[in-house]
Amino acid sequence: MIKKIKAIHGMHDYLYPDTLLWKNIENIIQNTLNNYGYQEIKLPILEKSELFKKAIGEYTDIIEKEMYTLFDKNNNSLTLRPEGTTGFIRAIIEHNIFYNNRRFWYNGPMFRYERPQKGRYRQFNQIGIETLGLKSPYIDAEIIIIINNLWKKLNITNNIFLEINTIGSLMDRDKYVKKLILFLEKNSHFLDLNNKKKIYTNPLRILDSKHKSIKLLLNNAPKLQDFLNEKSIKKFKKLCEILKFMHIKFNINNYLVRGLDYYNDIVFEWKTNNIGKGFSKTICGGGRYDKLINNMSNGKNNIGIGCAIGMERLILLIQITKSLKLNTKYLIDIFLIPMENNHILKKILTIGELIRKNFPKLRIITSYLFKNLKKQIIQANKYKSRFIIIIGQKEINNNLIIIKDLYFKKQINIPENKLIFNLKKIFK
Ligand code: ATP
Ligand code: MG
């Protein structure tokens, strides 16, 4: 017996009509980004492993546990990208496109070796946006305004909330981390093994721990906010002011640090309580990365801010809240039925092409089943067809075409040369 080969754990197939919902959401997002002058960039899925380590941070969850690393035939270490920004910056440096005031978006699969659960997969998709060369808080606000508009268009504003924070400069964080480590060392008996390990590798990540006892402990910990430089504080205040001016609701969460090392100043996440039990899940996260380009290149300097939407989580939320009404009652507009397997097929080919040329948006399928009419109609209904067009020898002899409306259960016989005219009345 042949062994059934299944997909890799945590990697999924998506079937119609889920793909239809997916496409609709993608179109809404991409049209909105286009509306703000963002341009698409397509990036490889596989990159050299060394690219990610330095950019994302050696002691982050992604690098420590989640990398999908493989070796090619020459024993080169390659990694399936866990996120988009690092590859984006690699491309910017490689092509020398440091122009200021540029805006980009990308869309595609990311890979992380995580324990799969609802909304957490090993292959998942992100639509990300990145802007280069702007330091004004207005560009930070622009990104938040765009994403906020997306939630409005997708009708999920009430199921999602925005948290923002400022984490200062890398220097501020270094000073703070020293003090935080001292505090955590003194209180290490309150930490579980996993968090104990992070004291010297990534103590900031302990800040967004979900454990109640750790949250309590952190009430007495030194606060990053007390270590921030004046400029960062000022920029953050300005951003809050712009968001208020634009009537965008947000909460300041001083424990929000994000899972990647390259961020500075502004960080933000949109979360929802509607997916899965327990903790709120992040749908979209991002922040400023003013030192990343410099860290990844020899002396090139530019600044940036970006964010990424997790498509599977967004789609889950839209499905759970039923926020986007898609008309899936009919999936086919016209189901063409040739009644016999002979020259009628050529006739139906010609007619099918003619209708498609006149109605490029209609979904038209030709049946080659050659069963009796009753069985064909059952098929048409299975396909969720709205109309059927039937052509048999009798119709050809009389220059007629039968159009059957499967919803109103009505049938009209029309002369062949009036077909397009009649269809225009139906599909106006
Ligand atoms: P989390 O805390 O949930 O692990 P993260 O901080 O690792 O998220 P980011 O690196 O900020 O996530 O990625 C941006 C978005 O991509 C997330 O908000 C989420 O919507 C989505 N995402 C991240 N990891 C996964 C995954 N394994 N499966 C599905 N979506 C994911
Ligand atoms: Mg993660």
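A tally of helices and strands in the protein yields 16 helices and 16 strands. Relative to the globule expectation of 22 Å for 428 residues, the C-alpha radius of gyration of the protein, 28 Å, shows a markedly less compact shape. With respect to the principal axes defined by its C-alpha atoms, the protein has extents near 90 × 60 × 45 Å. For the protein, buried positions account for 50% of its 428 residues. At a minimum sequence separation of 6, the contacts of the protein that also span at least 24 residues come to 71%.

Pairs of aromatic rings are described using the distance from one ring centre to the other and the angle between the two planes. Counted according to the given criterion, the structure contains 14 aromatic pairs. Chaining the aromatic ring pairs together yields one cluster made of Tyr-68, Phe-111 and Tyr-113. One Lys or Arg, Arg-122, reaches over the ring of Tyr-113 and ends 3.9 Å from the middle of that ring.

This brings us to the packing of helix α2 (residues 49–56) against helix α4 (residues 85–94). Angle between the axes and distance between the axes are the two parameters that describe a pair of packed helices. Here α2 crosses α4 at 110 degrees, and the two axes come no closer than 10 Å. Here α4 runs roughly perpendicular to α2, going by the angle between their axes. Residues Leu-51, Phe-52, Ala-55 and Ile-56 of α2 touch α4, and the partners they reach there are Thr-86, Gly-87 and Arg-90. For the contact of α2 with α4, the class distribution of residues is four nonpolar, two polar and one charged.

As a further point, take the site of ligand 1. Taken together, 15 residues surround ligand 1, and among them Arg-112, Glu-114, Arg-120, Tyr-121 and Arg-258 come closest. With respect to ligand 1, the side chain of Arg-258 contributes an N or O atom lying 2.9 Å from an oxygen atom. Interatomic distance of 3.0 Å between a backbone N/O atom of Thr-282 and an oxygen atom of ligand 1. Bound to the protein, ligand 1 loses 91% of the 590 Å² it would expose on its own. Secondary-structure elements contributing two or more residues to the shell around ligand 1 are β6 (123–132), β10 (281–288) and β11 (304–310).

A few words on the domain arrangement of the protein. Per the domain assignment, the segments making up the protein are domain 1 (18–169 + 229–321) and domain 2 (332–426). Put simply, the middle of domain 1 and the middle of domain 2, counted by C-alpha atoms, are 48 Å apart.

What counts, and where the lines are drawn
- Position numbers for residues count from 1 along each chain, tracking the sequence in the order it is written.
- Whichever chain is written first becomes A and whichever ligand is written first becomes 1, with later ones labelled in order.
- Local features in this predicted model are restricted to residues of pLDDT 70 or higher, and side-chain atom pairs are both shown and tallied only at a pLDDT of 80 or more, whereas totals for entire chains, interfaces and linings draw on every residue.
- Side-chain numbers here rest on the full set of heavy atoms in the structure, without hydrogens or water.
- The way it works is that DSSP assigns letters per residue, a run of H or I at least four long becomes a helix, a run of E at least two long becomes a strand, and they are numbered from the N terminus.
- Within these notes, the globule rule equals 2.2 Å times the number of residues to the 0.38 power, and the radius of gyration is based on C-alpha atoms.
- The buried label applies to any residue whose accessible area, calculated with a 1.4 Å probe on protein chains only, is under 20% of its type's maximum; exposed applies above 50%, and partly exposed to all values in between.
- For this analysis, residues touch if any pair of their heavy atoms sits within 4.5 Å.
- Here a Phe, Tyr or Trp ring, Trp counted by its six-membered ring, pairs with any other such ring whose centre lies within 6.5 Å, and the pair is stacked when the planes are under 30 degrees apart, edge-to-face when over 60, and tilted otherwise.
- Counted as over-ring charges are cases with an Arg CZ or a Lys NZ within 6 Å of the ring centre that also lie within 35 degrees of the ring normal.
- Angles run from 0 to 180 degrees between N-to-C directions of axes, and those axes are lines fitted to C-alpha atoms, restricted for helices to the stretch in contact.
- Convention used here: angles under 35 degrees read as roughly parallel, angles over 145 as roughly antiparallel, angles from 65 to 115 as roughly perpendicular, and any remaining angle as oblique.
- Put simply, Ala, Val, Leu, Ile, Met, Phe, Trp, Tyr, Cys and Pro go in the nonpolar bin, Asp, Glu, Lys and Arg in the charged bin, and everything else, Gly too, in the polar bin.
- When we say a residue is near a molecule or strand, we mean one of its heavy atoms is within 4 Å of it.
- Any N or O atom pair separated by 3.5 Å or less is treated as a polar contact, with the protein-specific requirement of one donor-capable and one acceptor-capable atom, and with residues adjacent in sequence counted only for side-chain atom pairs.
- Using a 1.4 Å probe, accessible areas were evaluated by the Shrake-Rupley method; residue-level cover was limited to the displayed protein chains.
- Domain start and stop positions are those given by an automatic or database domain assignment.

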